[in-house]
Amino acid sequence: MNEARQEQYYQLIEELLSCPSGQEPEVLDASPDLLDADFVQTLIQVSSMLAHQDNQDGARCLVHIARELARKLGLYAQPST
């Protein structure tokens, strides 16, 4: 992943953190080219940084988005029933 791509990920994360609650899907839908496994990994890394900065709400939000996006992208192993 190059620096320009990483910066795009950070910008998208900033948009997600600053958008009104419930509008995250629209923010993600506006940047489909950035939605990949590297973005999910970046979400988790940023959520960890936020947790260490005592921003638990932001961290939880990003973890939730990462989980949902990972499922959508087929990155999560689904438990067999």
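Here the structure is a predicted model, which is why all the values come from computation and not from measurement.

The next point concerns the environment of Ile13. Mapped onto the elements, Ile13 comes out in helix α1 (residues 3-18). With a relative accessible area of 3%, Ile13 lands in the buried category. Sequence separation between Ile13 and Val46 is 33 residues, and the spatial gap between their C-alpha atoms is 8.4 Å. With near-sequence residues (within four places) excluded, Ile13 lies in contact with Phe39, Thr42, Leu43, Val46 and Leu62.

Right, let's talk about helix α4 (residues 56-72) for a bit. For α4, spanning 17 residues, the distance from its first C-alpha to its last is 24 Å, which sits close to the expected 24 Å at 1.5 Å a residue. Among the residues of α4, Gly58, Ala59, Leu62, Ile65, Ala66, Leu69 and Ala70 are the ones counted as buried. One face of α4 carries all of its buried residues, which in axial projection span an arc of 130°. With respect to the buried face of α4, the exposed residues turned more than 90 degrees away are Asp57, Arg60 and Lys72. Where the residues of α4 are buried, they touch α1, α2 (24-29) and α3 (37-52). Following α4 by one or two positions, Gly74 has its phi on the positive side, about 75°.

Rules used throughout
- Numbering of residues starts from 1 in each chain and follows the order in which that chain's sequence is written.
- Where totals are concerned, whole chains, interfaces and linings use all residues; where local detail is concerned, this predicted model gives features only for residues with pLDDT of at least 70, and gives and counts side-chain atom pairs only at 80 or more.
- Computation of side-chain values: all heavy atoms of the structure, hydrogens and water removed.
- Strands are runs of DSSP state E lasting at least two residues, helices are runs of H or I lasting at least four, and both sets are numbered from the N terminus onward.
- Per-residue accessibility, obtained with a 1.4 Å probe over protein chains only, is compared with the maximum for each type, and a residue is labelled buried under 20%, exposed over 50%, and partly exposed between these values.
- It only takes one pair of heavy atoms within 4.5 Å for two residues to be counted as in contact.
- Helix span, as expected, comes to 1.5 Å for every residue beyond the first.
- When we speak of the arc, we mean the arc of directions from the helix axis to the C-beta atoms.

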